[in-house]
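Close look at the chain arrangement
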Amino acid sequence: MLRDKTNSVDAQAFGRRTFLRGVAGIGAAVTLPALLTACGGDEEASAPPKGDPDAPANLTFWTWTTNIEKVVDIWNAKNPTQKVSVSRQAQGEELITKVLTAHRAGNAPDLIHAEYQALPVLITNGVTADLTELAGTIKGEFTEGTWGLTSFGGTTHAIPQDVGPMMLYYRADLFDKHGLTVPKTWAEFEAVARQVRAKDSKAYLATFSSGDPGWFAGLAEQAGANWWANESGTWNVTINDEPTKKMAAFWGGLVNEGVLSGKPMYTPEWNKEMSDGTLLAWPSAIWGAGVLEGVAPGTKGKWAMTALPQWDAGSASTGYWGGSATAISAKSSQRAQAEKFVKWLNTDPEATSAMIKEGGIYPAAISGQSSPALSAPPAMMPNQPTFYADAAAIAKTARGFSWAPNVNVTYSSYSDLFAKAIADKADFGAAVDQLQAASVADLKKQGFQVKGA
Amino acid sequence: MTALSTGRRPARRRGGSAPFVLVAPAVVLLVTFLLVPIGYTVYLSLRAARVTGGGFGRRVEQFVGLENYRGVLTDSAYLDGVVRMLGYGAVVVPVMLGLALLFALLLDTPRVRLARTTRIGIFLPYAVPGVIASLLWGFLYLPGLSPIRSVLTSVNLPAPDFLGPSTVFFSVANIGVWGGVGFNMIVLFTALRGIPGEMYDAARVDGASEIQIALRVKIPLITPALVMTAIFSIIATLQVFSEPATLQPMSDSIPSTWVPLMTIYRDAFVNSDIHTAAAASVVLALGTLALSIGVLTLLQRRAFRSDQ
């Protein structure tokens, strides 16, 4: 029975959620997003002396963006003396763990791909270099909201790569067949969910996933929540604020009543349900069209995209799910060259267009968002030629959101707490309270000042 | 089995550097790849990243004594995982060894047909990596995909939810049993083959039936092999990880702390808290050691009574 030993190594290499996502066919499952607004008082390690940006270099880039190699190839062809090598170490939160370990060992990569909510973890561990100087030259390439994702307290820690504003995907064909109207508010969403159950006992309008904390955070953000704020050095944690509780109670009530499904997303079963019409809608983000291509290729042309339902009729707001930035290691000896590459990757139209085409991402740079590469709709949605124009309008309504240095702990607590709440048909509001308690306890344990705790 | 035997060695002759030279490679490997990593784990488990300064603050690694151990031993999720793991072992080990013994004895009876094919068939699951096996079973378990469920529903029988809160434990145990029976069967079958045929002749002359031969002759003679497979199985149980970890994203019934190794994995690789993970690892390793020694002592006393 020695095999269990070897297998656990396999499983580590794959990771749990990421592995399943790979199975679900999403190479670059970009999770989790958002705006970091508050917070200051960060002390950056003293920056190494500026080098010559045109000096020869050999840069290592840890990233998981789909087909990023093809984008990097363009750079390498143009800059033969400044070679960038892509290393696919891991995805998402697992990459962060690897970066932290490598940083401690003194061999962190020059360039680091990180989701926005993971930046505070990197910052508090002193991994990221202060890019404020570089920021001055390219700030105008991004909207204020996007810029706030990587700059806090007057310091820029990374350059935004892509963003994931949330929107609603629905099966236009099945909506027509059942005579359903596209919900504009969450109240209408509930009414449609009940109609779906009445028309087809096997079908659900949507599912609530315990496996995707970033999705939940995005929905909370849309409802007006702001979970973390840093008030002159003291963290104020309000995960169980009124908007989050309202949103959780809404979903929890419908899931426990059987009106909505409570099965996790990104499982083989979810793929099947997205393909065969068991699930009629998916509150997701702009990259969702690419995911659909992987999980439900047979439904091409049957989906349509619209704004998320609103809490108040007449208002327009959304949250972020997914999106990431490029940071530079504070220990990199090739800072100047690395900065040159980061600037090119995230603002040069050639680079952003290549990332759209090859990686299916939605670039953070303004010029990238109007790239000719976005003139045609995603492969799955030929029926919605205005997809990216619609998306750009929705993206403007994204609210702000702040992240804390223990988002990873909060997120893994989310998965366990909500899985249990769904299994036990328990009150989602209570789960939100437990999430708040777990997050605060961890911040305190790590030595952060926490308000009211 | 030789490892378990208590045979005496002749008194060694002293002198020369030969013993040291001969033992050096083993010692060097042991120290480099076992003792040093264990020592480093213990060192890490006594430290933690703590934040200094306001605002975002900066994490600094420092000595915290036994704080991580206190945290682990008072973490109800970890302790629940330990209890679940022990329950898992209590189900998997007897069922797996029972089936392995049964199959080995059946294959060892005279006049059995298709013995080789059957043996390979039973052994084959062991060759399937645990992650693959779990994915494979996951497809059989998932309510919307399960062919087992669709067959049951088509004949109007109630279809169980294999990934429900009360059933998921047995669904995971089933994967462990499925994967482990073959290996243990081969070990026991090999032991059975090593029994001299005269034993059976003598038993048959005395009028023993095949069942009596199995119970009175075969099983007592392969007890050392049974003890060995039991120890291996118990240790494998304490390391159960890939099956529940692979099924975890598919089900709401498996939290990320289902068994201790999953908690350790989460702490180290999701929560970036290598120090708590190190403390939990040390606790689990000590528990495994204690349990293995306990079981070994107990079984040895019973199994090798005649030797002493």
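If you're wondering where the values come from, they're calculated on a predicted model, not measured in any experiment.

**Some thoughts on the overall build of chain B**
Helix and strand content of chain B: 13 helices and two strands. When the backbone C-alpha atoms are referred to their principal axes, chain B occupies close to 85 × 80 × 30 Å. Sorting the 308 residues of chain B into buried and exposed places 43% on the buried side.

**Some points on the overall build of chain A**
Looking only at helices and strands, one finds 19 helices and twelve strands in chain A. Looking at chain A as a whole, 61% of its 453 residues qualify as buried. At a minimum sequence separation of 6, the contacts of chain A that also span at least 24 residues come to 77%. Accessible area of chain A: about 15,500 Å², with a carbon and sulfur share of 53%.

**Brief notes about the side chain of N76 of chain A**
Residues and elements named next belong to chain A. Note that N76 resides in helix α3 (residues 68-78). The class of N76 is buried, set by a relative accessible area of 18%. Ignoring any residue separated from it by four or fewer positions in sequence, one finds N76 in contact with Q82, K83 and V84.

**Comments concerning the sheet that holds strand β8 (residues 234-237) of chain A**
Residues and elements named next belong to chain A. Spatially, the three strands line up as an open sheet ordered β7-β8-β12, and their pairing is mixed. Every other strand in the sheet has two partners, leaving β7 (228-231) and β12 (449-450) as the edge strands with one partner each. Here two bridges tie β8 to β12, and the two strands are oriented parallel to one another. Bridge assignment links W235 to a residue of β12, and that residue is V450.

**Side note on the UniProt feature "domain: ABC transmembrane type-1" (unreviewed entry) in chain B**
Under the UniProt annotation, the feature "domain: ABC transmembrane type-1" (unreviewed entry) is placed at residues 82-295 of chain B. Taken end to end, residues 82-295 of chain B is 76% helix and 0% strand, and its two terminal C-alpha atoms sit 17 Å from one another.

**A closer look at the domain arrangement of chain A**
Interface size, as often reported, equals the accessible area lost upon joining of the parts. The assigned domain composition of chain A is domain 1 (26-164 + 321-376) and domain 2 (165-319 + 402-450). Measuring from the centre of the C-alpha atoms in domain 1 of chain A to the corresponding centre in domain 2 of chain A gives 28 Å.

**A closer look at the environment of G214 of chain A**
Positionally, G214 of chain A belongs in helix α10 (residues 213-223). In this structure the C-alpha to C-alpha distance between G214 of chain A and Y320 of chain A, which are 106 residues apart in sequence, comes to 8.4 Å.

**Digging into the environment of P243 of chain A**
All names here are of chain A. Within the secondary structure layout, P243 lies in helix α11 (residues 242-257). Residue P243 is classed as buried on the basis of its relative accessible area of 13%. Separated by 21 residues in sequence, P243 and Q222 have C-alpha atoms that sit 8.8 Å apart.

**Notes on the pattern of salt bridges**
Applying the stated criterion across every chain yields a total of 24 salt bridges over all chains. Among the ionic pairs, D108 of chain B bridges to R193 of chain B, the shortest N-O distance being 3.1 Å. With D108 of chain B in helix α3 (residues 76-108) and R193 of chain B in helix α7 (residues 168-193), this pair connects stretches of sequence that are 85 residues apart. Under the relative-accessibility criterion, D108 of chain B is labelled buried at 9%. Through salt bridges with shared partners, a single network forms among R104 of chain A together with R47 and E61 of chain B.

**Notes on the UniProt feature "transmembrane region" (unreviewed entry) in chain B**
All names here are of chain B. UniProt records the feature "transmembrane region" (unreviewed entry) for residues 20-43, 85-108, 120-142, 162-189, 221-241 and 277-299 in the present numbering. Across residues 20-43, helical content stands at 100% and strand content at 0%; the span's end C-alpha atoms are separated by 30 Å. Here residues 162-189 is 79% helix and 0% strand, with 32 Å between the C-alpha atoms at its ends.

**Regarding the packing of aromatic side chains**
Residues and elements named next belong to chain A. Summed over all chains, the structure comprises 48 aromatic pairs over all chains. Centre to centre, the rings of F189 and F250 are 6.4 Å apart; their planes meet at 45 degrees, and the pair counts as tilted. Taken as a pair, F189 in helix α9 (residues 186-199) and F250 in helix α11 lie far apart in primary sequence, 61 residues in all. In this structure F250 comes out as buried when scored by relative accessible area, which is 13%. Plain terms: the ring middles of W270 and W282 are 5.1 Å apart, the flat faces sit at 70 degrees to each other, and that makes the pair edge-to-face. Remark: W282 occurs in strand β9 (residues 281-285) and W270 occurs in helix α12 (residues 268-276); sequence separation between them is twelve residues. Across the pair, exposure class does not vary: W270 and W282 are buried alike.

**Some points on the packing of α12 of chain A against helix α13 (residues 288-295) of chain A**
All names here are of chain A. α13 packs onto α12 with a crossing angle of 100 degrees between their chain directions and a minimal axis gap of 9 Å. The angle between α12 and α13 falls in the class roughly perpendicular. Listed contacts from α13 to W270, N271, M274 and S275 of α12 are V291, L292 and V295.

**Some remarks on helix α1 (residues 18-45) of chain B**
Spanning 28 residues, α1 of chain B covers 39 Å between terminal C-alpha atoms, matching the ideal 40 Å at 1.5 Å per step. The axis of α1 of chain B is deflected most strongly, by about 45 degrees, at A24 of chain B, and proline P25 of chain B appears within four residues downstream.

**Re unusual backbone geometry**
The backbone of N67 of chain A sits at a positive phi, close to 55 degrees, despite the residue not being glycine. Mapped onto the elements of the fold, N67 of chain A is located in the loop between β1 (57-62) and α3. The phi dihedral of L114 of chain B falls on the positive side, at around 55 degrees, and the residue is not glycine. Relative to the helices and strands, L114 of chain B resides in the loop between α3 and α4 (115-127).

**As for α4 of chain B**
For an α-helix the count is 3.6 residues per turn, leaving residues at separations of three or four pointing the same way. Between its terminal C-alpha atoms α4 of chain B stretches 19 Å, which fits the 18 Å expected from 13 residues at 1.5 Å a residue. Along α4 of chain B, the residues that are buried comprise I122, P125 and Y126 of chain B.

**Some details on a nonpolar patch on the surface**
A surface patch of nonpolar side chains, amounting to about 700 Å² of accessible area, comprises V23, V27, L30, V31, L34, L35, V36, I38 and V42 of chain B. Relative to the helices and strands, V31 of chain B is located in helix α1.

**Describing the pairing of strand β2 (residues 82-87) of chain A**
Residues and elements named next belong to chain A. Sheet topology places β1 next to β2; six bridges connect them, and they run parallel. Looking at the pairing, F61 lines up with V86 of β2. Each parallel crossover has a hand, and the one from β1 via α3 to β2 is right-handed.

Rules and cut-offs
Residues numbered from 1 in each chain as written. Chains lettered and ligands numbered in written order. Predicted model: local features only at pLDDT ≥ 70, side-chain atom pairs only at ≥ 80, totals over all residues. Heavy atoms only, no water. Helix = DSSP H or I, 4+ residues; strand = E, 2+ residues; numbered from the N terminus. Buried < 20%, exposed > 50% of the residue type's maximum accessible area, 1.4 Å probe, protein only. Contact = heavy atoms within 4.5 Å. Areas by Shrake-Rupley, 256 points an atom, 1.4 Å probe, with all protein chains shown as cover. Pairing = 2+ DSSP bridges. UniProt positions renumbered as here; feature names shortened; annotations may be inferred. Domains from an automatic or database assignment. Salt bridge = Lys/Arg side-chain N within 4 Å of Asp/Glu carboxyl O. Phe/Tyr/Trp six-rings, centres within 6.5 Å; stacked < 30°, edge-to-face > 60°. Axes fitted to C-alpha atoms, helices over the stretch in contact; angles between N-to-C directions. Parallel < 35°, antiparallel > 145°, perpendicular 65-115°, else oblique. Expected span 1.5 Å × (residues − 1). Bend = angle between axes of the 7 residues up to and from the residue. Patch = residues over 30% accessible without salt bridge, like charges linked within 9 Å, V, L, I, M, F, W, Y side chains within 5 Å. Right-handed = clockwise from strand over helix to strand, strands pointing away.

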